[in-house]
Amino acid sequence: MNIVPKHRSGLVLGFLPFALIVAIYLFASAERRAVNPEDKLLPPASEMAETIRRLAAEPDRRTEEIVLWSDTAASLRRLAIGLGFSAFTGLAFGLALGILPVANAALGPLVAVISMVPPMAVLPILFIVFGLGELSKVVLIVFGVTPFLIRDMTLAVANLPREQLIKAQSLGASTWQVALRVVLPQVMPRLIEAVRLSLGPAFLFLISAEAIAADVGLGYRIFLMRRYLAMDVILPYVAWITLLSYVMDYALAQLARRGFPWAYVAEPR
Amino acid sequence: MSAVSIRDVWVEYGDQIVLERINLEIASGSFISLVGPSGAGKSTFLRLILGQEQPTRGVILLDGTPLPPDPGPDRGVVFQRYSVFPHLTVLRNVLIAYEFEASKVLGRLTGTARREAIAKSERLLEGVGLASNRDKYPSALSGGMQQRLAIAQALARRPRLLLLDEPFGALDPGTRAQMHALIVPLWRELDMTVIMVTHDLKEAFALGTRLIVLDRPRLDPQAPGRYGAVVTYDLDLQRAGRGPTLKFSTPLDPSREH
């Protein structure tokens, strides 16, 4: 427990499991191909690279759109609208519930109950009410993520030392001014952290909704290709989605550190 | 400057009586040291005057008018911890007091008003010796500097009454002595009435013009919440002579009816 890896050896150590997985895949793929040249389950890297090139560079014959980019754009748009709306709602309600005991008494139990409704169970309702278009997919993300954000923000507000709120009032601040100048800036880093944690669930809801009813999108493509056992499409798509959410997570983490440096001073550098 | 009258104040939480029969006339401009064992209701007493809590019975008058039921700019406060805003720099921690005053909707000042408020804030920071740290965040300050900032912040709105809740309790003895040397001239200069809760008897005697001791003189073992704390000693520390000692003062008769 006292052996701490240095920066470079740490990077190498972190890279090793990835290299191992790739090596095992390549080995298994070659083995299966040797037995059955028509094998579709583990396509070799060369075949996947060719598929990626075709999806990312050549327009589709039917729609004349480049499949990978139109899928990515559609999915990211749904995700951004859904998460953006959720973050805004979560922040607004979280502040109200955290600061105003009356609002908490009135809405707290409702939020607690709604957050227990499994979002996938209401997906049929969303399809019926909002149709099969964009709206139902966005609403699913909002429905799945917002209650968590509201509860997390309420807790973040409640965790602020009571002394600070009293102090602000003794400097003449109204409830509105306390919310705007004392509470809001202090819970912003926590909001970003909560959105980071929500990325996984948001993608889950997005891909589920796209799998069931869509004509474009990353999840739609994966589930479409499943019918043809087209692992050479599915595997790169999964890797692409993983990369996208990793980049978003990293970008949000950087945003929080750059925008709110005072919130991270206690962390060792 | 302001006088506080506390008339027959009781604080009860359900069955539990925390304070009972508190009657005090606090003269304008006095420096009250409030001491007592843990759980004797010192902080409750301070919260009453702050407006954070309401007495169950009795009234508190500030210069003859009943105390408003919420904390307000006429009563400044410094707590032992968490008194400053961690997301604002030293200067902005003081500036925010003026922004609360002048900008009701946005809570922010611009232009000339902002420059004037900054100048006022800087003068206050100079007064507590923090002028060179104006752009640091509180987390970069030592405990003593944070408390000095809290004091500057509390003075920004020129409160008539300054409430200190064990303000120097978390500081080392050297820093504490510096803080004592800081607070007394500020109190004289600004003509405030100060009420300070402390655990440190030496501090209480050194700073205060009057010492008030809260304690629970009666305890019913079958009902520990039955009797609350009362004022057991009330000493005038400005008396000429050698200065009072607890041993020779006469305790107030706790059963006496006021």
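Thresholds applied
- Residues numbered from 1 in each chain as written.
- Chains lettered and ligands numbered in written order.
- Predicted model: local features only at pLDDT ≥ 70, side-chain atom pairs only at ≥ 80, totals over all residues.
- Helix = DSSP H or I, 4+ residues; strand = E, 2+ residues; numbered from the N terminus.
- Rg over C-alpha atoms; globule rule 2.2 N^0.38 Å.
- Buried ≥ 20, exposed ≤ 12 C-beta atoms within 10 Å, placed from the backbone.
- Axes fitted to C-alpha atoms, helices over the stretch in contact; angles between N-to-C directions.
- Left-handed = near helix turned anticlockwise from the far one by under 90°.
- Contact = placed C-beta atoms within 7 Å.
- Nonpolar A, V, L, I, M, F, W, Y, C, P; charged D, E, K, R; others polar.
- Pairing = 2+ DSSP bridges.
- pLDDT = per-residue confidence, 0-100.
- Core = buried A, V, L, I, M, F, W, Y, C linked by C-beta atoms within 7 Å.

Help me get a handle on the overall build of chain B, residues and values and all.
Scanning chain B from N- to C-terminus turns up 6 helices and 10 strands. Taken against the 2.2 N^0.38 rule, which gives 18 Å for 258 residues, the C-alpha radius of gyration of chain B at 19 Å falls within 12% of a compact globule. Each principal axis of the C-alpha atoms in chain B carries an extent, and together these give about 60 × 45 × 35 Å. Looking at chain B as a whole, 40% of its 258 residues are labelled buried.

Any details on the packing of helix H5 (residues 123–130) of chain A against helix H6 (residues 134–158) of chain A? Residues and values, ideally.
Residues and elements named next belong to chain A. Relative to each other, H5 and H6 sit at 145 degrees, their axes nearing to 9 Å. Where H5 crosses over H6, the two elements pack in a sense that is right-handed. Across from Leu-123, Leu-126, Phe-127 and Phe-130 in H5, the residues of H6 making contact are Leu-135, Ser-136, Val-139 and Leu-140. Counted by class, the contact of H5 with H6 contains 7 nonpolar, 1 polar and no charged residues.

Can you explain the sheet that holds strand S10 (residues 230–236) of chain B? Please cite residues and give values.
All names here are of chain B. Here 6 strands make up an open sheet; going across it, the order is S6-S7-S8-S3-S9-S10 and the pairing mixed. Since the sheet does not close on itself, it has two edges, and those belong to strand S6 (75–78) and S10, each with one partner. Going from strand to strand, the sheet's axes swing by 20 degrees on average, the running direction of each strand aside. Relative to strand S7 (residues 161–165), S6 runs parallel, the two sharing 4 bridges. In the strand pairing of S7, Val-78 is matched with Leu-164.

I'd love a proper account of the environment of B:Tyr227, names of residues and values included.
Residue and element names in this part refer to chain B. Considering the arrangement of structural elements, one finds Tyr-227 in the loop between strand S9 (210–215) and S10. Between the C-alpha atom of Tyr-227 and that of Pro-217, which follows or precedes it by 10 residues, the distance is 8.3 Å. Discounting residues that sit within four places of it in the chain, Tyr-227 has contacts with Ile-17, Arg-216, Arg-218, Leu-219 and Asp-220.

Requested: an account of unusual backbone geometry, with residues and values cited.
With the exception of glycine, the majority of residues adopt a negative phi angle, and the majority of peptide bonds are in the trans configuration. Residues and elements named next belong to chain B. The backbone of Asp-8 shows a phi angle near 50 degrees, a positive value even though the residue is not glycine. Position of Asp-8 among the secondary structure elements: in strand S1 (residues 4–13). For Asp-8, a count of 13 C-beta atoms within 10 Å translates into the label partly exposed. The backbone of Asp-191 sits at a positive phi, close to 55 degrees, despite the residue not being glycine. Within the secondary structure, Asp-191 is located in the loop between helix H5 (173–190) and strand S8 (193–197). For Asp-191, a count of 12 C-beta atoms within 10 Å corresponds to the exposed category.

Just give me the short version of the sheet that holds strand S5 (residues 65–66) of chain B, but keep the residues and values in it.
Residue and element names in this part refer to chain B. Ordered in space as S2-S1-S4-S5, the 4 strands form an open sheet in which the pairing is antiparallel. The open sheet has two edge strands, strand S2 (16–26) and S5, and neither has a second partner. Where helix H1 (residues 42–50) meets the sheet, its contacts fall on S1, S2 and strand S4 (57–62), and the angle it forms with S1 comes to roughly 120 degrees.

Please provide a residue-by-residue account of the environment of A:Leu160, values included.
Residues and elements named next belong to chain A. Topologically, Leu-160 is positioned in the loop between H6 and helix H7 (162–170). Residue Leu-160 is classed as partly exposed on the basis of its 18 C-beta neighbours within 10 Å. Taking the C-alpha atoms as reference points, Leu-160 and Gln-186, separated by 26 residues in sequence, lie 8.4 Å from one another. Contact partners of Leu-160, with chain neighbours within four places excluded, come to Leu-165, Val-183 and Gln-186.

Quick rundown of helix H9 (residues 218–226) of chain A? Include the residues and the values.
A turn of α-helix holds 3.6 residues, and therefore any two residues three or four places apart point the same way. Turning to H9(A), its buried residues number three or more, namely A:Leu218, A:Gly219, A:Tyr220, A:Arg221 and A:Ile222. Looking at the packing, one finds that the buried side of H9(A) touches helix H3 (67–99), helix H8 (175–212) and helix H10 (231–259) of chain A.

Talk me through the interface of chain A and chain B; I want residue IDs and the actual numbers.
By a widely used convention, the size of an interface equals the accessible area lost when the partners come together. Residue-level contacts link 19 residues of chain A with 26 residues of chain B. For the side of chain A that touches chain B, the secondary-structure elements that each account for two or more residues are H7 and H8 of chain A. Taken together, the residues of the side of chain A that touches chain B break down into 9 nonpolar, 7 polar and 3 charged.

So what's going on with the confidence of the model for chain B? Which residues, and what values?
Residues and elements named next belong to chain B. Put simply, chain B has an average pLDDT of 83, and 92% of its residues get 70 or more. Scored below 50 in pLDDT, residues 240–244 makes 5 contacts in the model with residues more than four places away or belonging to other chains. We note a pTM of 0.84 for the whole complex and an ipTM of 0.84 for its interfaces.

A description of the nonpolar core should follow, citing residues and the corresponding values.
Counting 115 residues, the largest nonpolar core has A:Ile141, A:Met153, B:Leu34, B:Ala152 and B:Leu163 as the members making the most contacts within it. The element best represented in this core is H8(A), accounting for 14 residues.

I'd like a description of the pairing of S8(B), backed by residues and values.
Consecutive residues of a regular strand have side chains that alternate between opposite faces of the sheet. Residues and elements named next belong to chain B. Counted residue by residue, S8 has 5 buried out of 5 residues, so it is predominantly covered. Side chains Thr-193, Ile-195 and Val-197 of S8 all project onto a buried face; the interleaved residues Val-194 and Met-196 project onto the opposite face, where all are buried too. As paired strands, strand S3 (residues 31–35) and S8 are joined by 4 bridges and run parallel to one another. Bridged to Phe-31 within S8 is Val-194.

Describe the pairing of S9(B), listing the residues and the values that go with them.
Residues and elements named next belong to chain B. For S3 and S9, the ladder comprises 4 bridges, and the chain directions are parallel. Counterpart to Leu-34 in the pairing with S9 is Ile-212. Bridge analysis of S9 against S10 gives 6 bridges, and the strand direction is antiparallel. Across the sheet, residue Leu-214 finds its bridge partner in S10, namely Val-231.

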